Amino acid sequence: RLSNAATRALYMSMRGIQAQAAVYVESGDPQKIMQVIRHNIPDKSDEIGRNQVVLRMLAAPVNPSDLNQIEGTYPVKGRFSEINVVGGSHSPLKAAVGGNEGVAEVVAMGSDVSGLQTGDWVVPRKAGEFGTWCTHALVEEDGILAIPKEWREDIDAIDVACLKVNPCTAYRLLRDFVQLAPGDYVIQNGANSGVGRAVIQLARHWGFRTINIVRDRPNLSELTHELHGLGADIVISDKELTDGSNNETRELLKSLGSPIRLGLNCVGGRTTLKMTKFISQGGVLVSYGGMSRQPVTMPTSLLLFKDLCARGFWMNRWYSACFTDSRMELERQDMWRTILKLTAEGHFVTQPLLRKQWLPNMSPDQSVSLVRDAVSWDAGPKRAFVFH
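So, how was this worked out
- Residues numbered from 1 in each chain as written.
- Predicted model: local features only at pLDDT ≥ 70, side-chain atom pairs only at ≥ 80, totals over all residues.
- Heavy atoms only, no water.
- UniProt positions renumbered as here; feature names shortened; annotations may be inferred.
- Helix = DSSP H or I, 4+ residues; strand = E, 2+ residues; numbered from the N terminus.
- Rg over C-alpha atoms; globule rule 2.2 N^0.38 Å.
- Buried < 20%, exposed > 50% of the residue type's maximum accessible area, 1.4 Å probe, protein only.
- Contact = heavy atoms within 4.5 Å.
- Areas by Shrake-Rupley, 256 points an atom, 1.4 Å probe, with all protein chains shown as cover.
- Lys, Arg positive; Asp, Glu negative; His and termini not counted.
- Charge placed at Lys NZ, Arg CZ, Asp CG, Glu CD.
- Pairing = 2+ DSSP bridges.
- Axes fitted to C-alpha atoms, helices over the stretch in contact; angles between N-to-C directions.
- Phe/Tyr/Trp six-rings, centres within 6.5 Å; stacked < 30°, edge-to-face > 60°.
- Lys NZ or Arg CZ within 6 Å of the ring centre and 35° of its normal.

As recorded in an unreviewed UniProt entry, the protein goes by enoyl-[acyl-carrier-protein] reductase and comes from Coemansia guatemalensis. Regarding the protein, the UniProt comment filed under Catalytic activity (unreviewed entry) reads as follows: "a 2,3-saturated acyl-[ACP] + NADP(+) = a (2E)-enoyl-[ACP] + NADPH + H(+)". Check the Subcellular location (unreviewed entry) section of the UniProt entry for the protein; it says "Mitochondrion".

What follows is the structure, encoded as structure tokens:
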């Protein structure tokens with residue numbers, strides 16, 4: 001015999017919107033442990049919590065940090081909760097929904113929700129607030145932030161879905177560490193990453209110049225042409241940088257005529273060491289990632305004789321601070337508005353994405369195959385779920 005609470009949960013699981021979600025019940029290899037479940041979400045105001053909002057997801061990217069979170073190696077952990085699975089046992093499944101970034105449309109809300117209307121676009125307030133790899137979600141009002149309609153005019157949902165992490169990281173890297181002047185140089189590795197491409201475009205907009213280091217590859221000339229099209233000034237391969245016999249590259253970087261005041265690192269290891277040596281007197285090296293999983297090393301001579309400074313940056317930490325600081329909160333709004341305005345005007349483009357269409361009529365096997373393909377660490381374009 002079921003308890004009253006269990007009877008109500010079972011009854012509610014038979015009503016409302018039937019949602020799909022990509023979930024995991026324990027940490028591990030995303031391609032092996034992700035599963036897709038179906039569960040019901042209430043869509044009537046008298047069934048929704050007073051401060052809750054029902055969302056229909058529009059788009060959600062797959063970021064490396066999402067995969068790290070599933071593996072259990074990311075500082076922000078997934079939020080596990082009990083889900084009443086349609087067609088499952090009477091016992092709820094304790095699982096976490098994958099994904100931290102995305103954009104959704106408000107479809108219903110509780111009686112005490114204010115400042116939102118159905119049709120509004122919203123994004124998660126912070127990482128770990130709720131999983132975004134789902135067709136629908138039931139969230140607390142204080143766990144989301146609205147995107148004003150005037151900010152998203154002429155903008156695709158995927159651009160808003162990818163706003164919070166990569167473009168904003170690039171924005172803060174260029175604004176918060178060095179007072180750059182027009183004509184100053186920024187040198188960065190991982191230049192074809194999402195952040196790297198955003199750095200190139202924002203630097204061009206603000207009048208800064210960029211030296212962009214990319215991993216050597218067979219189609220290097222094609223990638224170089226692509227990055228130049230975004231506004232890159234100089235593009236070189238990591239092989240050219242680290243090759244001790246390559247005097248041409250070394251002389252080029254020593255004869256720019258303007259200082260290299262800022263270095264941006266998301267790789268680590270030998271490439272970062274070589275790159276740092278070209279940063280000008282009193283410059284700053286900022287690390288925001290470590291894709292090679294190799295340490296960042298800096299010779300004592302660079303600290304003593306060039307007075308270089310090494311810093312670190314994590315976008316999640318910045319967001320946490322801005323939600324308790326009214327000045328930073330205004331800065332967040334201005335940052336989002338600026339990036340979306342540049343996007344609408346055609347001056348900023350989201351990195352290339354492989355869109356994975358998540359259709360509501362997919363079979364369970366099709367949905368699982370879609371998700372597991374999207375969470376692969378294999379090289380290639382970044383993936384993003386687009387929901388219909």
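Participant: Give me the lowdown on the overall build of the protein, citing residues and values where you can.
Facilitator: Helix and strand content of the protein: 14 helices and 17 strands. The C-alpha radius of gyration of the protein comes to 23 Å, within 12% of the 21 Å expected for a compact globule of 388 residues. Projecting the C-alpha coordinates of the protein onto the three principal axes gives extents of approximately 80 × 40 × 35 Å. Relative to its full complement of 388 residues, the protein shows a buried share of 52%. For the protein, restricting intrachain contacts to residue pairs at least 6 apart in sequence, the fraction spanning at least 24 positions comes to 72%. Here the protein has roughly 18,300 Å² of accessible surface; of this, 49% comes from carbon and sulfur atoms. Across the protein, 43 positive and 41 negative side-chain charges occur, with their mean positions spaced 4 Å apart.

Participant: Which residues make up the sheet that holds strand S15 (residues 309-312), and what values go with them?
Facilitator: Strand order in this open sheet of 6 strands is S12-S11-S10-S13-S14-S15, and the pairing throughout is parallel. The two strands at the open ends of the sheet, each matched to only one other strand, are strand S12 (234-237) and S15. Shown here is a sheet whose adjacent strand axes are inclined to one another by a mean of 20°, direction ignored.

Participant: Give a detailed account of unusual backbone geometry, specifying residues and quantitative values.
Facilitator: One non-glycine residue, Asp 154, adopts positive backbone phi at about 65°. Position of Asp 154 among the secondary structure elements: in the loop between strand S9 (144-147) and helix H4 (157-161). With a phi close to 55°, Asp 307 is a non-glycine residue in the positive phi region. With respect to the helices and strands, the residue Asp 307 is situated in the loop between helix H11 (300-305) and S15. Exposure remark for Asp 307: the relative accessible area of 51% places this residue in the exposed category.

Participant: Before we move on, could you go through the packing of aromatic side chains and cite the residues and values that matter?
Facilitator: One pass over the full model with this rule turns up 12 aromatic pairs. Centroid distance Tyr 74 to Trp 314: 6.0 Å. Interplanar angle 80°. Geometry classified as edge-to-face. With a gap of 240 residues between them, Tyr 74 in the loop between helix H3 (64-71) and strand S4 (80-83) and Trp 314 in the loop between S15 and helix H12 (315-322) connect regions that are remote in the sequence. Judged by relative accessible area, Tyr 74 falls into the buried class, the value being 15%. Taking the relative accessible area as the measure of exposure, Trp 314 reaches 29% and is therefore partly exposed. Ring centres of Tyr 319 and Trp 336 lie 6.3 Å apart, and the angle between their planes is 75°; on these two criteria the pair is classed as edge-to-face. Of this pair, Tyr 319 sits in helix H12 while Trp 336 sits in helix H13 (residues 326-344), and the two are 17 residues apart along the sequence. Neither Tyr 319 nor Trp 336 differs from the other in exposure class; each is buried. What links up through ring pairs into an aromatic cluster is the set Trp 133, Trp 358, Phe 385 and Phe 387. Sitting over the face of the ring of Trp 121, Arg 152 holds its NZ or CZ atom 4.3 Å from the ring centroid.

Participant: Could you give an account of helix H5 (residues 166-176), naming the residues involved and the relevant values?
Facilitator: Here H5 lies mainly inside the structure; 9 of its 11 residues are buried. Within the sequence span of H5, burial applies to Asn 166, Pro 167, Cys 168, Thr 169, Ala 170, Tyr 171, Arg 172, Leu 173 and Leu 174.

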